[in-house]
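What follows is each chain in one-letter form.
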Amino acid sequence: MPGDMLQVSHDGRRFRIAGHRGEAGLGALLKWQFSGGRVRWPARVENRPHSPPPQRVTGTDLLATWIGQSTVLLQTAGVNILTDPFLSQRASPVPFMGPRRARPPALTAETMPPIDIILLSHNHYDHLDLPGLRSIARHHAPHVVTPLGNARLVQRASGRFTVDELPWGGTARVHGLHIHVAPALHWSKRGLFDANTALWGAFVIETPGGVLYFAGDTGYGAGAAFAGLKERFGAPRLSLLPIGAYEPRWFMAPQHMNPDEAVMAHRALSSRTSLAIHHGTVQLTDEAIDAPVAALQAALNRHAVDPGRFLVPDAGQVVSIG
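The structure displayed is predicted, hence computed values, not measured ones.

Inspection of every chain in the model, using the stated rule, returns three cavities of 30 Å³ or more. If you add up the space inside the largest cavity, you get close to 80 Å³. As for the largest cavity, its lining consists of 16 residues, and the residues nearest its centre are W41, A245, H279, V282 and E287. Grouping the constituent residues of the lining of the largest cavity by class yields seven nonpolar, eight polar and one charged.

What follows is the structure, encoded as structure tokens:
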């Protein structure tokens, strides 16, 4: 990888990025939780009806359907790709407590077209959703690509999944596409004692119609990850960039971009089109449910970026990407 890309190390048990704080300490967590800055979200936001996506898209045509949170259906070259399928009611290890989604998934496992590939960026509950994966396994038999340490969780969900588990810089060839695991400024944890024992990452997908980039969860940092990806792969045709779960900044900046940083990432990548993810679904942080979209529009104006190049589709809306 290019020299300015982020580097991760492994000490035999945990992954680390030098100089980067992923998970905050208990004191900082308690300070945030008792700060009283959280804006209350509505209990439920209903999705508007949209025409369903087609079963397949051939050639270099590209369709994207935001299902909720970081879950997007990408359709191109006869292949259907699903990113971080979060379909459960809660982002939690238990069904009776924890962050509850305000917006239902726009598609369910039953209503999705055939899923060929799943990209799983890391093991947080709003990204690696075991009940959601079990539901998908009842209707589909996809090939899963994920960073190191996550295969056992995927296979716990179902033995129907074929899994490629890769380091940063690793590549899998699946259904004729080259899929690369790329750096991200984030962290991992499922339980009390397993912080960073599994790797996290982003994805670059090389398709006949151009490069696609799925950022997963990431902070912006100095922008090195984005500049390095552009140097190695060229400008993406489409980038899926997170815009939500960013307040307060003193706590969230190392792990989640805010909308202004998402626009900076769009520019660093020279992305032809970007699509907003990781917002408006489940409240994880302090900002209002509609704050990320409003802040994104302000950031696009501030950075003189055409709003038509950074899309915020409605949940379930099928978008054709030029």
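Having put the structure on the table, let's press on.
Turning next to the pairing of strand 3 (residues 62-68). Counting buried residues in strand 3 gives seven out of seven residues, a clear majority hidden from the surface. With six bridges joining them, strand 3 and strand 4 (residues 71-76) adopt antiparallel strand pairing. Considered in strand 4, the bridge of L63 is made with Q75. Between strand 3 and strand 4, which pair antiparallel in sequence order, lie two residues; one of them, Q69, sits at a positive phi of approximately 50°.

Take the sheet that holds strand 12 (residues 210-214) next. Remark on secondary structure: sheet strands pair via backbone hydrogen bonds, oriented parallel or antiparallel. Spatially, 9-10-11-12-13-14-15 is the arrangement adopted by the seven strands of the open sheet, whose pairing is mixed. Among the strands making up the open sheet, the edge pair consists of strand 9 (171-174) and strand 15 (310-311). Judged from the three bridges that link them, strand 12 and strand 13 (residues 238-242) form a sheet pairing that is parallel. Considered in strand 13, the bridge of F214 is made with L240. Contacts between helix 6 (residues 259-269) and the sheet are confined to strand 12, strand 13, strand 14 (273-277) and strand 15, with strand 13 contributing the most and set at about 155° to the helix.

In this structure, P259 sits in helix 6. With 195 residues separating them in the primary sequence, P259 and A64 have C-alpha atoms 20 Å apart. Excluding residues that lie within four positions of it along the chain, P259 makes contacts with I243, Y246, P292, A295, L296 and A299.

What follows covers the side chain of Q69. With respect to the element layout, Q69 can be found in the loop between strand 3 and strand 4. Overall, the relative accessible area of 2% leaves Q69 in the buried class. Of note is the side chain of Q69, whose polar atom sits 2.9 Å from the side chain of D126. Contact partners of Q69, with chain neighbours within four places excluded, come to F86, D126, I277, H278, H279, T281, V282 and L284.

Rules used in this analysis
- Residues numbered from 1 in each chain as written.
- Predicted model: local features only at pLDDT ≥ 70, side-chain atom pairs only at ≥ 80, totals over all residues.
- Heavy atoms only, no water.
- 1 Å grid on protein atoms, 1.4 Å probe; cavity = no way out; pocket = protein on both sides within 12 Å on 5 of 7 lines; lining within 4 Å.
- Points joined across faces, edges and corners; volume = space filled by probe spheres on them.
- Nonpolar A, V, L, I, M, F, W, Y, C, P; charged D, E, K, R; others polar.
- Buried < 20%, exposed > 50% of the residue type's maximum accessible area, 1.4 Å probe, protein only.
- Helix = DSSP H or I, 4+ residues; strand = E, 2+ residues; numbered from the N terminus.
- Pairing = 2+ DSSP bridges.
- Contact = heavy atoms within 4.5 Å.
- Axes fitted to C-alpha atoms, helices over the stretch in contact; angles between N-to-C directions.
- Polar contact = N/O pair within 3.5 Å; in protein donor to acceptor, adjacent residues only side chain to side chain.

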